[in-house]
Amino acid sequence: MGQFTFEEINLICCYRRKTRADTVAAMTAAIPYMETEVQELAKRTAEKLKKLTEEEFAELVFLPAEDMV
């Protein structure tokens, strides 16, 4: 899972849905309500997620950083 930073993983955990497409949609819909720095993080993370196939996304386990310690 080296392709995602801790911050990106935590953001994905907040917006995680059953599919990659639904996760990207949920995250993208929330962008107007985020602070500027978080908006940039969300946009970057959504772009990374879009590069994954649904199968690749389904195989990934996203745990909040606090659970990874």
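Residues numbered from 1 in each chain as written. Predicted model: local features only at pLDDT ≥ 70, side-chain atom pairs only at ≥ 80, totals over all residues. Heavy atoms only, no water.

1. As for the environment of Asn 10
Part 1: Among the secondary structure elements, Asn 10 is positioned in helix H1 (residues 6–15).
Part 2: Judged by relative accessible area, which is 28%, Asn 10 ranks as partly exposed.
Part 3: Separated by 52 residues in sequence, Asn 10 and Phe 62 place their C-alpha atoms 8.0 Å apart. (Helix = DSSP H or I, 4+ residues; strand = E, 2+ residues; numbered from the N terminus. Buried < 20%, exposed > 50% of the residue type's maximum accessible area, 1.4 Å probe, protein only.)

2. Describing helix H3 (residues 36–50)
Part 1: Taking 1.5 Å of rise per residue, the 15 residues of H3 would be expected to cover 21 Å, and the 21 Å separating its terminal C-alpha atoms lies within 8% of that figure.
Part 2: Within the sequence span of H3, burial applies to Gln 39, Leu 41, Ala 42, Thr 45, Ala 46 and Leu 49. Buried residues in H3, looked at end-on, bunch into an arc of 160 degrees, giving them a common side. For H3, the exposed residues set more than 90 degrees away from the buried face come down to Thr 36 and Glu 37.
Part 3: Against H1, helix H2 (20–30) and helix H4 (54–59) lie the buried residues of H3. (Expected span 1.5 Å × (residues − 1). Arc of directions from axis to C-beta. Contact = heavy atoms within 4.5 Å.)

3. Considering the confidence of the model for the protein
Part 1: Residues of the protein with pLDDT of at least 70 account for 88%, and the chain-wide mean is 90.
Part 2: In the model of the protein, H1 stands out as the element of lowest mean pLDDT, 93, in contrast to H2, which has the highest, 98. (pLDDT = per-residue confidence, 0-100.)

4. Remarks on the packing of H1 against H3
Part 1: Interhelical geometry of H1 versus H3 gives an angle of 80 degrees and a closest axis separation of 10 Å. Judged on the interaxial angle alone, H3 and H1 are roughly perpendicular. Residue-level contacts link Glu 7, Glu 8, Leu 11 and Ile 12 of H1 to Leu 41, Ala 42, Arg 44, Thr 45, Lys 48 and Leu 49 of H3.
Part 2: Here the contact of H1 with H3 is built from residues that sort into five nonpolar, one polar and four charged. (Axes fitted to C-alpha atoms, helices over the stretch in contact; angles between N-to-C directions. Parallel < 35°, antiparallel > 145°, perpendicular 65-115°, else oblique. Nonpolar A, V, L, I, M, F, W, Y, C, P; charged D, E, K, R; others polar.)

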